[in-house]
Amino acid sequence: MNEETLFSMKSLVEEEQLSVAGKDFSSLSDVIENILPRNDAGSITHPILIGIDGPVAAGKTYCTEIVKKIASRHALNFHAIHYDWFMSSRSVRAKEIENLRSENYDFEQYDRTAYDSGRMQRFLSGLRSAFTSQDKRFFEYTIDPAYNRLSGECKGLISNSLSTDSIVIVEGGGILNSKLCNFFDISIRLDIDDTEEIIRRLIERERRKNGNKLSHDFVKERFLSLDYHFDNYLRYRDRSYFDLLIDTTDLNRPRLFIRSKT
């Protein structure tokens, strides 16, 4: 692996000259309540398109659920879009993973194979146009084919409609990149600076889904063989394309980082 794959969250904070927010937070929900933009009357700004990025197990799904609950409390429409829907099949990605044995492995190639960013770009372009239109009350969409995590295949179909007065979350690892970042009103990166904590969460996630079928060593090796390096590659590649960084290493004491004003 090249040196870029070793770009840590600490390096990210230092290189991007991020400053930790002065306020202490007791939960991720507390952070989200504080960073959601509001109008002069104190109401949450809507419609709004929010991008949530971050490595595996950083809390992207959890954060999405928090925003959903906040929207519900304020009687606002909410909708979630998942970058996973635009993934290639597990078998296609498995063939690319075999290339990890090569010293010259190119993560850019894996990313192009793993995600159809072109389809996501067209999707977000249509959604943004609907948001800015004075005539459209709903944005209707169909994703065909859509990736299904349970089957590992791209044979699903997702057809839905969302109100153009909604809070919309688009979440997924690598979503805040140079091609997609400008579609979002606010861009949030979640991150963890503790590899063992990521592994612990992955093992707990696996246990909840499938019991104790997979050993600790297997889950750890699976993470270290691909996700660890790919996440670091994305940290480096997309280091300039988020507004806010939330350190979720300790969910009871999350830290918020902001870009220094120049």
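In what follows, the accompanying structure is described.

### Things to note about the overall build of the protein chain
Part 1 of the reasoning: In terms of helices and strands, the protein chain carries eight helices and nine strands.
Part 2 of the reasoning: Its C-alpha atoms give the protein chain a radius of gyration of 19 Å, near enough to 18 Å, the size a compact globule of 262 residues would have.
Part 3 of the reasoning: Its C-alpha atoms give the protein chain principal-axis dimensions of roughly 55 × 45 × 40 Å.
Part 4 of the reasoning: A fraction of 76% describes how many contacts in the protein chain between residues 6 or more apart in sequence connect residues 24 or more apart.
Part 5 of the reasoning: By element, 45% of the accessible surface of the protein chain is carried by carbon and sulfur atoms, the whole surface being about 14,000 Å².
Part 6 of the reasoning: Of the charged side chains in the protein chain, 37 are positive and 41 negative; the average position of the first set lies 4 Å away from that of the second.

### Section: the packing of aromatic side chains
Part 1 of the reasoning: Counted by the stated rule, this structure contains 11 aromatic pairs.
Part 2 of the reasoning: On the basis of an interplanar angle of 80° and a centroid distance of 5.6 Å, the ring pair of Phe123 and Phe139 is categorised as edge-to-face. Note that Phe123 is positioned in helix α6 (residues 117–132) and Phe139 in strand β4 (residues 138–148), a separation of 16 residues in sequence. An identical accessibility class is assigned to Phe123 and Phe139; each is buried.
Part 3 of the reasoning: Members of the aromatic cluster, joined through ring pairs, are Phe86, Phe123, Phe139 and Tyr141.
Part 4 of the reasoning: Looking at Arg239, its charged tip hangs above the ring of Tyr236, at a distance of 4.2 Å from the centre.
Part 5 of the reasoning: A cation over an aromatic ring shows up here: Arg259 above the ring of Phe242, its NZ or CZ 4.5 Å from the ring centre.

### What to know about the nonpolar core
Part 1 of the reasoning: The biggest cluster of nonpolar side chains holds 43 residues, and the ones touching the most others in it are Leu49, Met120, Phe123, Leu124, Tyr141 and Val170.
Part 2 of the reasoning: At the level of elements, α1 (9–15), α5 (107–114), α6, β4, β5 (153–163), β6 (167–171) and α8 (216–237) are the ones that each hand at least two residues to this core.
Part 3 of the reasoning: In terms of residue count, the dominant contributor to this core is α6 (six residues).
Part 4 of the reasoning: Apart from residues no more than four positions distant in its own chain, Met120 is found in contact with Ile81, Tyr83, Phe86, Val170, Ile175 and Leu180.

### Description of α6
Part 1 of the reasoning: For α6, which comprises 16 residues, the first-to-last C-alpha distance of 22 Å matches the rise-based estimate of 22 Å (1.5 Å per residue) to within 8%.
Part 2 of the reasoning: Burial in α6 covers these residues: Arg119, Met120, Phe123, Leu124, Leu127, Ala130 and Phe131. Looking straight down α6, one finds that the buried residues subtend no more than 130° of arc, so they occupy a single side. Those residues of α6 that are exposed and angled more than 90 degrees off the buried face are Arg122 and Thr132.

### Description of the environment of Asn39
Part 1 of the reasoning: Here Asn39 shows up in the loop between α2 (28–35) and β2 (48–53).
Part 2 of the reasoning: Look at Asn39 and you get partly exposed, because its relative accessible area is 40%.
Part 3 of the reasoning: Sequence spacing of Asn39 and Ser151 is 112 residues, and the spatial spacing of their C-alpha atoms is 43 Å.
Part 4 of the reasoning: Among the polar contacts listed, one links the side chain of Asn39 to the backbone nitrogen of Ala41, at a separation of 3.0 Å.

### Some remarks on the sheet that holds strand β7 (residues 186–191)
Part 1 of the reasoning: Read across the sheet, seven strands follow the order β1-β9-β8-β7-β2-β6-β3 without closing on themselves; strand pairing throughout is mixed. Taken across any chain shown, the strands that pair with only one partner, and hence form the sheet edges, are β1 (18–20) and β3 (78–82). Each strand of the sheet is rotated relative to its neighbour by a mean of 25°, with strand direction disregarded.
Part 2 of the reasoning: Examined bridge by bridge, β1 and strand β9 (residues 255–259) share three bridges and lie antiparallel to one another. In the strand pairing of β9, Val20 is matched with Phe257.
Part 3 of the reasoning: In the packing of helix α3 (residues 60–73) onto the sheet, the strands contacted are β2, β3, β6 and β7, and the crossing angle to β6 comes to about 175°.
Part 4 of the reasoning: Sitting on the sheet, α6 touches β2, β3 and β6, and the angle it makes with β2 is about 155°.

Rules of the game
- Residues numbered from 1 in each chain as written.
- Predicted model: local features only at pLDDT ≥ 70, side-chain atom pairs only at ≥ 80, totals over all residues.
- Heavy atoms only, no water.
- Helix = DSSP H or I, 4+ residues; strand = E, 2+ residues; numbered from the N terminus.
- Rg over C-alpha atoms; globule rule 2.2 N^0.38 Å.
- Contact = heavy atoms within 4.5 Å.
- Areas by Shrake-Rupley, 256 points an atom, 1.4 Å probe, with all protein chains shown as cover.
- Lys, Arg positive; Asp, Glu negative; His and termini not counted.
- Charge placed at Lys NZ, Arg CZ, Asp CG, Glu CD.
- Phe/Tyr/Trp six-rings, centres within 6.5 Å; stacked < 30°, edge-to-face > 60°.
- Buried < 20%, exposed > 50% of the residue type's maximum accessible area, 1.4 Å probe, protein only.
- Lys NZ or Arg CZ within 6 Å of the ring centre and 35° of its normal.
- Core = buried A, V, L, I, M, F, W, Y, C linked by side-chain atoms within 4.5 Å.
- Expected span 1.5 Å × (residues − 1).
- Arc of directions from axis to C-beta.
- Polar contact = N/O pair within 3.5 Å; in protein donor to acceptor, adjacent residues only side chain to side chain.
- Pairing = 2+ DSSP bridges.
- Axes fitted to C-alpha atoms, helices over the stretch in contact; angles between N-to-C directions.

Without other data, these values stay purely geometric and don't point to any function.
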